[in-house]
Structure formats: C-alpha cells, structure tokens
Amino acid sequence: MRYGQIRKYDVANGPGIRTSFFLSGCDRNCKNCFNRDYMDFNFGKEWDDKALMEVISYLKLDEVEGLTILGGEPFESPEGLLQAIIDIRKQTDKSIWVYSGFKFEVLEKMKLSRQILEQIDVLVDGEFIEEYKDLTLDFRGSSNQRIIDVKSSLKYKDIILVDGYK
C-alpha cells in the first residue's frame with residue numbers, strides 16, 4: 001500500500017480538526033477527480049511503520065478529533081488498509097472516517113471490505129459525479145455521496161446517515 005500524503009491537520013474532510021492520509025491507487029477515473037495524481041498505484045511512498053507512527057502521534061494530540069482516510073481509492077488496497085486501521089485502533093479510540101467511490105452496499109458484501117467497515121465509524125460513499133457537484137455540501141463534493149454511520153448501518157442492516165450534515 002502506498003500513500004500520497006499525510007496531513008497533520010485537516011479541517012475539510014470530517015468534523016473538527018482531523019489527521020488524514022491519502023492512499024495511492026484508484027481505477028475509478030471519475031471526471032474532474034480532485035486527486036488525479038493519487039490514481040496512480042505507484043505514486044507516493046510505501047506505507048510503513050514510520051508513516052503509521054506519524055499518524056498515531058498526530059492522533060494523540062488533544063486538538064485532533066479523529067482520522068480521515070481518502071485516496072485514490074482506499075478500498076483498492078484492502079489488506080494494507082485493514083492492517084493500518086487495526087494498528088491505529090490499538091493506539092487510539094478517535095473516530096475514523098473513510099472516503100470511497102464504492103457504495104456501502106457493495107463493500108459490506110466483500111470479506112475484507114466488510115472487516116474494514118467493522119473497524120471504522122463513518123463512510124462517505126459514492127463516486128464524485130461532476131453533474132452533481134455541490135460546493136455547499138458538508139464533507140463531500142457531489143450530492144449523490146452519502147455520509148454513513150457505519151456501526152449503526154451494520155447493526156440495523158440498513159443505511160443510517162449521520163445527522164447534521166447538509
């Protein structure tokens with residue numbers, strides 16, 4: 001698994017001040033993707049213990065509310081993503097958001113993706129669609145994307161959206 005960048009402080013991709021990292025690799029090719037460089041599976045650096053410890057050190061800061069994982073497409077590196085999240089969960093209980101072009105209904109049916117979902121709190125799902133672009137929306141680029149409460153959705157076997165976001 002490779003990553004394009006780690007941000008100590010990110011206020012655009014989830015509530016409060018968050019730490020984020022952007023995984024490399026995506027086959028979706030959404031029109032006007034804002035992270036086109038990260039579509040290349042060879043872009044950036046190899047995820048390693050140094051990157052993991054950097055993220056964990058930021059998450060231990062009082063002002064950081066949680067972690068957001070973006071891409072590329074995080075679920076196109078499922079083994080590495082799952083291990084990274086498990087390692088992070090051992091060190092912190094702060095919220096974890098993941099952005100994916102895949103729909104929740106697809107991810108929950110795939111073994112590794114389901115295991116990832118069981119470890120996270122929020123999934124922002126759905127491809128960015130230029131025709132539905134809406135700059136007034138919170139934490140997403142197009143109106144087809146959903147902010148899903150993963151734990152509740154898995155428990156009740158239905159999509160439960162996170163309240164409070166336009």
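Just so we're clear, the structure is a prediction, and the values are computed from it rather than from any experiment.

## Some thoughts on helix α2 (residues 78-89)
Part 1 of the argument: End to end, α2 covers 16 Å across 12 residues, agreeing with the expected 16 Å (1.5 Å per residue, within 8%).
Part 2 of the argument: Among the residues of α2, those classed as buried are Pro78, Leu81, Leu82, Ala84, Ile85 and Ile88. Burial along α2 is one-sided: seen end-on, the buried residues are contained in an arc of 165°.
Part 3 of the argument: Looking at the buried positions of α2, the neighbouring elements they touch are β2 (18-23), α1 (49-59), β4 (66-70), β5 (95-100) and α4 (111-119).

## With respect to α4
Part 1 of the argument: Buried within α4 are the following residues: Ser113, Ile116 and Leu117. On an axial view of α4, the arc spanned by its buried residues comes to 100°, and they lie on one face.
Part 2 of the argument: Taken together, the buried residues of α4 touch α2, α3 (104-107), β6 (122-125) and α5 (150-156).

## Focus: the packing of α1 against α2
Part 1 of the argument: Relative orientation of the contacting elements α1 and α2 amounts to 40°, with a least axis distance of 10 Å. As judged from the angle between their axes, α1 and α2 are oblique. Between α1 and α2 the crossing geometry is right-handed. On α2, the residues touching Leu52, Val55, Ile56 and Leu59 of α1 are Ala84, Asp87 and Ile88.
Part 2 of the argument: Residues of the contact of α1 with α2, tallied by class, amount to six nonpolar, no polar and one charged.

## Comments concerning the pairing of β6
Part 1 of the argument: Because side chains alternate across β6, one face comprises the buried residues Val122 and Val124, and the other comprises Leu123 and Asp125, equally buried.
Part 2 of the argument: Of the pairings in the sheet, the one linking β5 to β6 comprises four bridges and is parallel in character. Each residue of the ladder has a partner; that of Ser100, found in β6, is Asp125.
Part 3 of the argument: Strand direction decides the pairing type here: β6 and strand β7 (residues 146-149), joined by four bridges, are antiparallel. Residue pairing across strands places Leu123 opposite Ile148, the latter belonging to β7.

## Describing the side chain of Gln145
Part 1 of the argument: By the element assignment, Gln145 lies in the loop between β6 and β7.
Part 2 of the argument: The exposure class of Gln145 is buried, given its relative accessible area of 11%.
Part 3 of the argument: At 2.9 Å, the side chain of Gln145 forms a polar contact with the backbone nitrogen of Gly141.
Part 4 of the argument: Here the side chain of Gln145 touches Ser142 through a polar contact of 3.0 Å, landing on its backbone nitrogen.

## Brief notes about the nonpolar core
Part 1 of the argument: Ranked by size, the top nonpolar core spans 31 residues in total, and within it Phe21, Trp47, Ile69, Ile88, Leu117, Ile120 and Leu123 carry the most contacts.
Part 2 of the argument: Counting residues per element, this core draws most heavily on α1, which supplies six residues.
Part 3 of the argument: What Leu117 contacts, discounting residues up to four positions off in sequence, is Phe75, Phe104, Leu107, Glu108, Leu123, Val150 and Leu154.
Part 4 of the argument: If you look at the next biggest cluster of nonpolar residues, it comprises nine residues, including Phe22, Tyr99, Val122 and Phe139.

## A closer look at the pattern of salt bridges
Part 1 of the argument: All chains considered together, the criterion is met by seven salt bridges.
Part 2 of the argument: With a shortest N-O distance of 3.6 Å, Arg7 and Asp10 are connected by a salt bridge.
Part 3 of the argument: The exposure class of Arg7 is partly exposed, given its relative accessible area of 30%.
Part 4 of the argument: Between Glu108 and Arg114 there is a salt bridge, with its nearest N and O atoms 3.9 Å apart.
Part 5 of the argument: On the accessibility criterion, Glu108 (24% relative accessible area) is partly exposed.
Part 6 of the argument: Under the relative-accessibility criterion, Arg114 is labelled partly exposed at 28%.

What counts and how
- Within every chain, residues take consecutive numbers counted from 1 along the sequence as written.
- Only residues with pLDDT of 70 or above have their local features reported here, since the model is predicted, and side-chain atom pairs are shown and tallied only from 80 upward, although totals for entire chains, interfaces and linings are computed over all residues.
- Calculated side-chain values reflect all of the structure's heavy atoms, with hydrogen atoms and water omitted.
- For helices the rule is a DSSP run of H or I covering at least 4 residues; for strands it is a run of E covering at least 2, with both sets numbered from the N terminus onward.
- To estimate the expected span of a helix, count its residues, drop one, and scale the result by 1.5 Å.
- Between buried and exposed lies partly exposed: a residue is buried under 20% and exposed over 50% of the maximum accessible area for its type, with that area taken using a 1.4 Å probe on protein chains only.
- Here the arc refers to the set of directions running from the helix axis out to each C-beta atom.
- In what follows, residue pairs with any heavy atoms lying within 4.5 Å of each other are defined as contacts.
- Note on definitions: angles span 0 to 180 degrees between N-to-C directions of axes, and those axes are lines fitted to C-alpha atoms, for helices only across the stretch in contact.
- Angular relationships are summarised with four words: roughly parallel below 35 degrees, roughly antiparallel beyond 145, roughly perpendicular across 65 to 115, and oblique for the angles in between.
- Note on convention: near helix rotated counterclockwise from far helix by under a right angle means a left-handed crossing. Clockwise means right-handed.
- Note on residue classes: Ala, Val, Leu, Ile, Met, Phe, Trp, Tyr, Cys and Pro are nonpolar, Asp, Glu, Lys and Arg are charged, and everything else, Gly too, is polar.
- Think of it this way: DSSP has to see at least two bridges between two strands before they count as a pair.
- Counted as a polar contact is a pair of N or O atoms within 3.5 Å, where, for protein atoms, one must be capable of donating a hydrogen and the other of accepting one, and residues adjacent in sequence contribute only when both atoms are in side chains.
- To define a nonpolar core, start from buried Ala, Val, Leu, Ile, Met, Phe, Trp, Tyr and Cys residues and group those joined through side-chain atoms within 4.5 Å.
- Salt bridge, as applied in this entry: a Lys or Arg side-chain nitrogen positioned within 4 Å of an Asp or Glu carboxyl oxygen.

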